[in-house]
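In case you want the letters, here they are:
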Amino acid sequence: MRYSLYNDQIKKEIHDKYKLIAGIDEVGRGPLAGPVVTCAVIMKSDSAIDGITDSKKLSRKKMLNLKEKILEDTICYAYGYANPRLIDRVNIKNATHKAMEDALNNLKIKPEIVLIDAERIDTDIPQLNIVKGDLNEYVISCASILAKIRRDDIMINFSKLYPNYGFDTNMGYGTKKHYQGLEEYGETSIHRQTFLRKFHERQMTFDDL
């Protein structure tokens, strides 16, 4: 079932009925390079950390502070990954779903229900697909923060291997520095070929001038 309006009444009904509630979110669907990272997390039922919200609204410093508190309140959590080759092979949507399913299956405890940010995955566990879930559902917001920190760490490490693209600041998104790196040094092993088609088409046009 998909909720476009996830209100307080629906939220209360879910949290009254279920105790082992997993939230799942993804980070990294839009970048030209790097993996999609997903996280599934089950929080303690009495967890109420101040400041939890969609990771896109938080600075890295704030997220790192929240991460420590989140991990103190988790029952369990796990990650899933979709690397660039998988993204190129099955498309970004299917690769994201696979990574979400992997994160869920990697949990040490099976949840009673899964709350997902606007997506539906292949699982026998009851699931709710919540529009803007990373903003409106606490456990999805926790998953969003953990996934964001994990992916940022991965891209910061990649920036040491590929120092000419600004991965430590743009996290693989198409910034000016990133495109300059592509034009001067070409693509790397972590670039998504299917995401670079417009860039290559532009390069071909310039070459024809």
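Residues numbered from 1 in each chain as written. Predicted model: local features only at pLDDT ≥ 70, side-chain atom pairs only at ≥ 80, totals over all residues. Heavy atoms only, no water.

### Notes on the UniProt feature "binding site: a divalent metal cation" (unreviewed entry) in the protein chain
Then comes step 1: Feature annotation in UniProt places "binding site: a divalent metal cation" (unreviewed entry) on D25, E26 and D117, given in this structure's numbering. Look at the named residues: they lie 93 residues apart in sequence, but the longest C-alpha span between them is just 8.2 Å, so in the fold they bunch up.
Then comes step 2: Structurally, the position occupied by D25 is in strand 2 (residues 21-27).
Then comes step 3: Of the residues examined, D25 reaches a relative accessible area of 2% and is grouped as buried.
Then comes step 4: The residues touching D25, leaving out its near neighbours within four places in the chain, are V37, T38, C39, M100, D117, D134, I140, A143, S144 and A147. (UniProt positions renumbered as here; feature names shortened; annotations may be inferred. Helix = DSSP H or I, 4+ residues; strand = E, 2+ residues; numbered from the N terminus. Buried < 20%, exposed > 50% of the residue type's maximum accessible area, 1.4 Å probe, protein only. Contact = heavy atoms within 4.5 Å.)

### A closer look at the packing of aromatic side chains
Ring pairs (aromatic) are described by centroid distance and by the angle formed between their planes.
Then comes step 1: All told, the structure shown has four aromatic pairs when counted by the stated rule.
Then comes step 2: Ring centres of Y77 and Y79 lie 5.8 Å apart, and the angle between their planes is 85°; this geometry places the pair in the edge-to-face category.
Then comes step 3: Ring centres of Y79 and Y81 lie 6.4 Å apart, and the angle between their planes is 35°; this geometry places the pair in the tilted category.
Then comes step 4: Residue class for Y81 comes out partly exposed when judged on its relative accessible area of 34%.
Then comes step 5: Within the aromatic cluster, the residues linked to one another by ring pairs are Y77, Y79 and Y81. (Phe/Tyr/Trp six-rings, centres within 6.5 Å; stacked < 30°, edge-to-face > 60°.)

### What about the pairing of strand 2?
Then comes step 1: Judged by how many residues are buried, strand 2 sits mostly within the fold: seven of seven residues are covered.
Then comes step 2: Alternating positions in strand 2 separate into two faces, I21, G23, D25 and V27 on one and A22, I24 and E26 on the other, with burial throughout.
Then comes step 3: As paired elements, strand 2 and strand 5 (residues 113-117) share four bridges and run parallel to each other. Looking at strand 5, one finds that I21 is bridged to I113. (Pairing = 2+ DSSP bridges.)

### Some points on the side chain of T96
Then comes step 1: Topologically, T96 is positioned in helix 4 (residues 92-105).
Then comes step 2: The contacts of T96, once residues within four sequence positions are left out, are E26, R29, V36 and T38.

### Section: the pattern of salt bridges
Two side chains with opposite charge may pair up if their charged atoms get near one another.
Then comes step 1: Summed over the entire model, instances satisfying the criterion amount to 11 salt bridges.
Then comes step 2: Linking D88 and R85 is a salt bridge whose minimum nitrogen-to-oxygen distance equals 3.2 Å. Taken together, the positions of D88 and R85, both in helix 3 (residues 84-90) and three residues apart, correspond to about one turn of that helix.
Then comes step 3: Assessed through its relative accessible area of 36%, R85 is described here as partly exposed. (Salt bridge = Lys/Arg side-chain N within 4 Å of Asp/Glu carboxyl O.)

### Points about the pairing of strand 5
Consecutive side chains along a regular strand alternate between the two faces of the sheet.
Then comes step 1: The buried fraction of strand 5 amounts to five of the five residues, a majority that puts the element mostly inside the structure.
Then comes step 2: Across four bridges, the pairing between strand 5 and strand 6 (residues 127-130) is parallel. Across the sheet, residue D117 finds its bridge partner in strand 6, namely I130.

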